[in-house]
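Below, each chain spelled out in residue letters.
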Amino acid sequence: MSIEKDGNMIKNTIEHIITDRLIIRLAKPDDAEAIYAYRSDIVANKYQGWHPGSVEEVRDYIENMPQTMDVADICFQFAIISTDEDCLIGDMGIIFTNHDRMQAEIGCTLNKNYQGNGYASEALEGMVNYLFETLNKRRIITSIDPRNVASIRLVERLGFRKEAHFRESYYLRGEWVDDIIYAMLKKEWVKKI
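Residues numbered from 1 in each chain as written. Predicted model: local features only at pLDDT ≥ 70, side-chain atom pairs only at ≥ 80, totals over all residues. Heavy atoms only, no water.

Caption draft 1: Just helix α3 (residues 119-134), in detail. Under the 1.5 Å per step criterion, the end-to-end length of α3 is 21 Å for 16 residues, consistent within 8% with the ideal 22 Å. For α3, the tally of buried residues reaches 12 of 16 residues, placing the bulk of the element in the interior. Buried residues of α3: Y119, A120, S121, E122, A123, L124, G126, M127, V128, Y130, L131 and F132, and no others. Of the residues one or two after α3, N136 is the one with positive phi, at around 55 degrees. (Helix = DSSP H or I, 4+ residues; strand = E, 2+ residues; numbered from the N terminus. Expected span 1.5 Å × (residues − 1). Buried < 20%, exposed > 50% of the residue type's maximum accessible area, 1.4 Å probe, protein only.)

Caption draft 2: Examining the side chain of N45 more closely. Position of N45 among the secondary structure elements: in the loop between α1 (32-39) and α2 (55-63). For N45, a relative accessible area of 5% gives the class buried. Each residue touching N45, except ones within four places of it in the same chain, is listed here: Y38, R39, H51, T109, L110 and R173. (Contact = heavy atoms within 4.5 Å.)

Caption draft 3: Looking closely at the packing of α1 against α2. Between α1 and α2, the least distance of the axes is 8 Å, while the angle of their chain directions is 125 degrees. By the angle between their axes, α1 is oblique relative to α2. Judged by the sense of rotation from one axis to the other, the crossing of α1 with α2 is right-handed. Along its contact with α1, which presents A32, E33, I35 and Y36, the element α2 presents V55, V58, R59 and I62. (Axes fitted to C-alpha atoms, helices over the stretch in contact; angles between N-to-C directions. Parallel < 35°, antiparallel > 145°, perpendicular 65-115°, else oblique. Left-handed = near helix turned anticlockwise from the far one by under 90°.)

Caption draft 4: Fine view of the environment of K192. Mapping K192 onto the fold places it in helix α5 (residues 186-192). The partly exposed category is assigned to K192, whose relative accessible area is 42%. Taking the C-alpha atoms as reference points, K192 and D145, 47 residues apart in sequence, are found 25 Å from one another. Excluding anything up to four places from it in sequence, K192 contacts R157, L158 and G159.

Caption draft 5: Molecular detail of the sheet that holds strand β9 (residues 161-172). Taken in spatial order, the 8 strands line up as β3-β4-β5-β6-β7-β8-β10-β9 in an open sheet, and their pairing is mixed. Edge positions in the sheet fall to β3 (17-18) and β9, since each has one partner strand and no second. (Pairing = 2+ DSSP bridges.)

Caption draft 6: Here's a closer look at the pairing of β9. With 8 bridges joining them, β9 and strand β10 (residues 175-185) adopt antiparallel strand pairing. Paired with Y171 across the bridge in β10 is W176. Taken together, β9 and the strand that follows it, β10, pair antiparallel across an intervening segment of 2 residues, in which R173 is found at a positive phi of about 45 degrees.

Now the structure itself:
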């Protein structure tokens, strides 16, 4: 897919999102081992839907992702790299949905060893800005298990507002759990910043 910007055609791909302490880029097959190491920790990631069964599962997923952005209903996995330690500390999933891909769903997982240091806020803020400003998305949503209080506080700090609470709507590891949807419109983000 190409978009026109200032009279020039550019390919709608992502280079890197750079924040004060992070580099966010599409995940690469070489990232599979690091992602698997923390994603497979079911206790630390009890509210996450994806617990890969092997490094190969992660690698296969990454290898089969499209390399251009804005493909509908595909979850793009992004690596979150700490510039201080030059290592992968987490990942984000982005899915483009709804009405010509003008909406995106976003999720973030950090290695438990890096939680509580503001990295998730920084990464999400960088990605939200990229989705609204560079890809010109209209609306971003996130789906959160209501028991995940830390994630709820995080998205509320970023300015997301609660739109829905679905009772027992998501089947997670043998039980039906609730699902809360938070959202933000581009005009709300622009007003916030």
